[in-house]
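Chain by chain, the residues:
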Amino acid sequence: MYHTLFKQGRGPLLLILFLLLPLAAGAADAIRETALPDTLDAELNYLLGFVGKNRLDPHRLDTERIGRLLDFVESQKDEARLYRAGERDGAASAYYESDIRRSLDHLLRLSYGNDIPSVFTAPSTVRTERWTAVDAPGQKLPELWTLPGYPDKPIVVTGIEHLVNSPDSHSGAYYEYDLDRTLILTRIRGRKLLISLSGQTGESRVGRKGIIVGPDENWDYLYTDHTGLNRMGLGWASTYMYGSHSVAFYLEADGAAPKTRFGVFKWIRAGWAGINVVNSQHIFNGLRRFGEVFRRIAEHRRTDDVAALARTFREVSRMPQPRLKRIAQDYLAGLRKRCEEEGLLADGEVQALFRDGRYLGSLNREQIESILAVEYAKEILGKPHYVDLSNEFAQAE
């Protein structure tokens, strides 16, 4: 049936049908979409003007021009609604927010410290993520949590970030791309505010098949080099992320107890043959997939001591390559067993990954260190894991 439709020129239609199938199945549970006023779109466009090659000078940010936007971020929301901004370059959008019981300085140390890999706070959505260029001394992110960020003199960081995401929970595809980044640390209404902006620099690398082993909340992923989607009948599809933008706010709340409102707007355009198949519900689901995990990790008592976390990951970065490979081998032995339990080894592609150390041999140092960061996040949250970093370091002492 699939080849017949493809020959009739209905390949894009088939792709859309299968990508949207999970949403159609849950249509009865879908929340109502609410378009935000044009005034908020204008303020979002103003902020996005500070990211990219031809950006405005972020030091000249006028917070008076984003007042309605900040009012929206701070406002109470109807949980039965999905809020979306207007389209941007043909991309749909969605808004997600979460209150995190941590100070902004704590979140800055977790998310923008040079020693803590980004994947540690985003194990459900990121494979690897790193700044390849930072417009700052030493090409390193400054210690934002030590800087005041006054309204008349915001702290600004710009650069480029290279990202490989985790397999999509519907299609199984994962993508590799670059983002222009701008961070603006300032104060608004007497409170500290970080504005994080991103814009995709160009079309992503073609989507490749990823494999989610067991429930997605276990964060067990395999990555293949095969082009296509990991869905029946769509292995042939060459898909791309054509473009994405984001505007995220980290705004400290009033009150004695530490709390930060995290609110993010995201636009994504992705699909096949130039056809966008991403809608607001897809985007919201992806933001929630990230946001709920981020909050749980940030609030956990074992992330109280960020300096200790940083020391752990510095130790990982200094591990000799043979030791790192040995730990990765232990990890893959556990993951292979999980694949067997899930019945995935019946798939020839999955079976081939574990044959003769093939998958281990394909992993570079960055990818192995990322695996260990995810395993440590699992350990902290009490999830099943295959590598116990705390025990690993205790044995080495």
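Just so we're clear, the structure is a prediction, and the values are computed from it rather than from any experiment.

Can you lay out the overall build of the chain for me, pointing to particular residues and giving the numbers?
Secondary structure assignment for the chain yields twelve helices and 13 strands. Relative to the globule expectation of 21 Å for 397 residues, the C-alpha radius of gyration of the chain, 21 Å, shows essentially globular dimensions. Dimensions of the chain, computed from the C-alpha atoms along their principal axes, are close to 65 × 60 × 40 Å. Buried residues in the chain amount to 52% of all 397 residues. Of the roughly 18,100 Å² that the chain leaves accessible, carbon and sulfur atoms contribute 48%. The distance from the centre of the 52 positive side-chain charges to the centre of the 53 negative ones in the chain is 1 Å.

Lay out the packing of helix H7 (residues 306–318) against helix H11 (residues 365–381) with the relevant residues and their values.
The N-to-C vectors of H7 and H11 enclose an angle of 145°; their axes lie 10 Å apart at closest approach. Here the hand of the crossing between H7 and H11 comes out right-handed. Facing H7, whose interface residues are Leu309, Thr312, Phe313, Val316, Ser317 and Arg318, H11 presents Arg365, Glu369, Leu372, Ala373, Tyr376 and Ile380. In terms of residue class, the contact of H7 with H11 is made up of seven nonpolar, two polar and three charged.

Describe empty space enclosed by the protein, and please don't skip the residues or the numbers.
The tally for this structure, following the rule as stated, stands at one cavity of 30 Å³ or more. Counted as a void, the largest cavity has a volume near 170 Å³. For the lining of the largest cavity, the elements supplying multiple residues, two or more each, are strand E4 (126–134), strand E10 (221–227) and H11. Among the residues making up the lining of the largest cavity, the classes are represented as eleven nonpolar, two polar and four charged.

Lay out the environment of Ile66 with the relevant residues and their values.
Here Ile66 is to be found in the loop between helix H3 (38–48) and helix H4 (67–74). Of the residues examined, Ile66 reaches a relative accessible area of 0% and is grouped as buried. Separated by 235 residues in sequence, Ile66 and Arg301 place their C-alpha atoms 35 Å apart. If sequence neighbours within four positions are ignored, Ile66 has contacts with Glu43, Tyr46, Leu47 and Ile195.

A description of the pairing of strand E11 (residues 239–252) should follow, citing residues and the corresponding values.
Extensive coverage of E11 is indicated by the burial of 13 of its 14 residues. Sheet topology note: the strand E8 (residues 191–200)/E11 ladder contains seven bridges and is antiparallel. The residue bridging Ser196 from the neighbouring strand is Ala248, located in E11. Bridge analysis of E11 against strand E12 (residues 260–272) gives 13 bridges, and the strand direction is antiparallel. Note on E12: the bridge partner recorded for Ser246 is Lys266.

Lay out the nonpolar core in plain terms, naming residues and giving numbers.
If you look at the biggest cluster of nonpolar residues, it comprises 88 residues, and the most contacted ones within it are Phe120, Leu222 and Tyr250. Among the elements that line this core, the one with the most residues is H11, at nine residues. Among the nonpolar cores identified, the runner-up in size contains 28 residues, and Leu36, Leu47, Val51 and Ile195 belong to it.

Go over the sheet that holds strand E6 (residues 173–174), please, and point to the residues and values.
Pairing is antiparallel across the open sheet formed by three strands, whose spatial order is E6-E9-E10. Either end of the sheet is taken by a strand with one partner, and the two such strands are E6 and E10. Here four bridges tie strand E9 (residues 208–212) to E10, and the two strands are oriented antiparallel to one another. Note on E10: the bridge partner recorded for Ile211 is Leu222.

Any details on the environment of Asn114? Residues and values, ideally.
Structurally, the position occupied by Asn114 is in the loop between helix H5 (104–112) and E4. Under the relative-accessibility criterion, Asn114 is labelled partly exposed at 41%. Through-space distance from the C-alpha of Asn114 to that of Leu163 is 16 Å; in sequence the pair is 49 residues apart. Apart from the residues within four sequence positions on either side, Asn114 is in contact with Lys140 and Leu141.

Conventions adopted
- Residues numbered from 1 in each chain as written.
- Predicted model: local features only at pLDDT ≥ 70, side-chain atom pairs only at ≥ 80, totals over all residues.
- Heavy atoms only, no water.
- Helix = DSSP H or I, 4+ residues; strand = E, 2+ residues; numbered from the N terminus.
- Rg over C-alpha atoms; globule rule 2.2 N^0.38 Å.
- Buried < 20%, exposed > 50% of the residue type's maximum accessible area, 1.4 Å probe, protein only.
- Areas by Shrake-Rupley, 256 points an atom, 1.4 Å probe, with all protein chains shown as cover.
- Lys, Arg positive; Asp, Glu negative; His and termini not counted.
- Charge placed at Lys NZ, Arg CZ, Asp CG, Glu CD.
- Axes fitted to C-alpha atoms, helices over the stretch in contact; angles between N-to-C directions.
- Left-handed = near helix turned anticlockwise from the far one by under 90°.
- Contact = heavy atoms within 4.5 Å.
- Nonpolar A, V, L, I, M, F, W, Y, C, P; charged D, E, K, R; others polar.
- 1 Å grid on protein atoms, 1.4 Å probe; cavity = no way out; pocket = protein on both sides within 12 Å on 5 of 7 lines; lining within 4 Å.
- Points joined across faces, edges and corners; volume = space filled by probe spheres on them.
- Pairing = 2+ DSSP bridges.
- Core = buried A, V, L, I, M, F, W, Y, C linked by side-chain atoms within 4.5 Å.

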